[in-house]
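Chain by chain, the residues run as shown.
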Amino acid sequence: MFVSLSTFTIANDSNANVHEAFKNRPHLVDGAPGFQRLEVLSPQDNPQEIWLLTYWDNEESFKTWYKSHQYQESHKGIPKDTQLVPGSVKIKYFTVVSN
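Conventions we followed
- Residues numbered from 1 in each chain as written.
- Predicted model: local features only at pLDDT ≥ 70, side-chain atom pairs only at ≥ 80, totals over all residues.
- Heavy atoms only, no water.
- Salt bridge = Lys/Arg side-chain N within 4 Å of Asp/Glu carboxyl O.
- Buried < 20%, exposed > 50% of the residue type's maximum accessible area, 1.4 Å probe, protein only.
- Helix = DSSP H or I, 4+ residues; strand = E, 2+ residues; numbered from the N terminus.
- Pairing = 2+ DSSP bridges.
- Axes fitted to C-alpha atoms, helices over the stretch in contact; angles between N-to-C directions.
- Contact = heavy atoms within 4.5 Å.

Section: the pattern of salt bridges
Counted according to the given criterion, the structure contains three salt bridges. The partner of Arg25 in a salt bridge is Asp30, with the nearest N and O atoms 3.2 Å apart. For Asp30, a relative accessible area of 35% gives the class partly exposed.

The following block contains the structure:
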């Protein structure tokens, strides 16, 4: 299993709108080959921060999704007024060793 973790921090007070957008997301990734699940987390001590964990059968499935038109389309639901803290976007990739 392959896991992608994307994190970012919202600079303005639009985190409630961003949280709502994730709750109402279009679920485009759900049908992607190799996709297992998505978790969207926000730390209790910093609700401006968002963590996106996607779980995949393998890295190749993730890379195919990441390069797809649907990936670009899935980001259109992000509220237009969202501003990010410069330098806060981070992406890490993981291999699941045990679960």
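A few points about the side chain of Ser4
Mapping Ser4 onto the fold places it in strand 1 (residues 2-9). The exposure class assigned to Ser4 is buried, which follows from its relative accessible area of 3%.

A few points about the sheet that holds strand 3 (residues 49-56)
Strands sit in the order 2-3-1-4 across an open sheet of four strands; the sheet is antiparallel. Since the sheet does not close on itself, it has two edges, and those belong to strand 2 (35-41) and strand 4 (90-95), each with one partner. Between one strand axis and the next, the sheet turns through 15° on average, direction left out of account. Note: strand 2 against strand 3, six bridges, orientation antiparallel. Opposite Arg37, over in strand 3, you have Tyr55 as the bridge partner. Along the sheet face, helix 1 (residues 15-23) touches strand 1, strand 2 and strand 3 and points at about 20° away from the line of strand 3. Against the sheet, helix 2 (residues 59-66) touches strand 1, strand 3 and strand 4, its axis set at about 120° to strand 3.

Observations regarding the pairing of strand 1
Remember that side chains alternate between the two faces of the sheet whenever the strand is regular. Counting buried positions along strand 1 yields eight of eight residues, so the element is predominantly enclosed. On strand 1, burial covers both faces: Phe2, Ser4, Ser6 and Phe8 on one face and Val3, Leu5, Thr7 and Thr9 on the other are all buried. Note that strand 1 and strand 3 share eight bridges and pair antiparallel. Paired with Leu5 across the two strands is Leu53, which belongs to strand 3.

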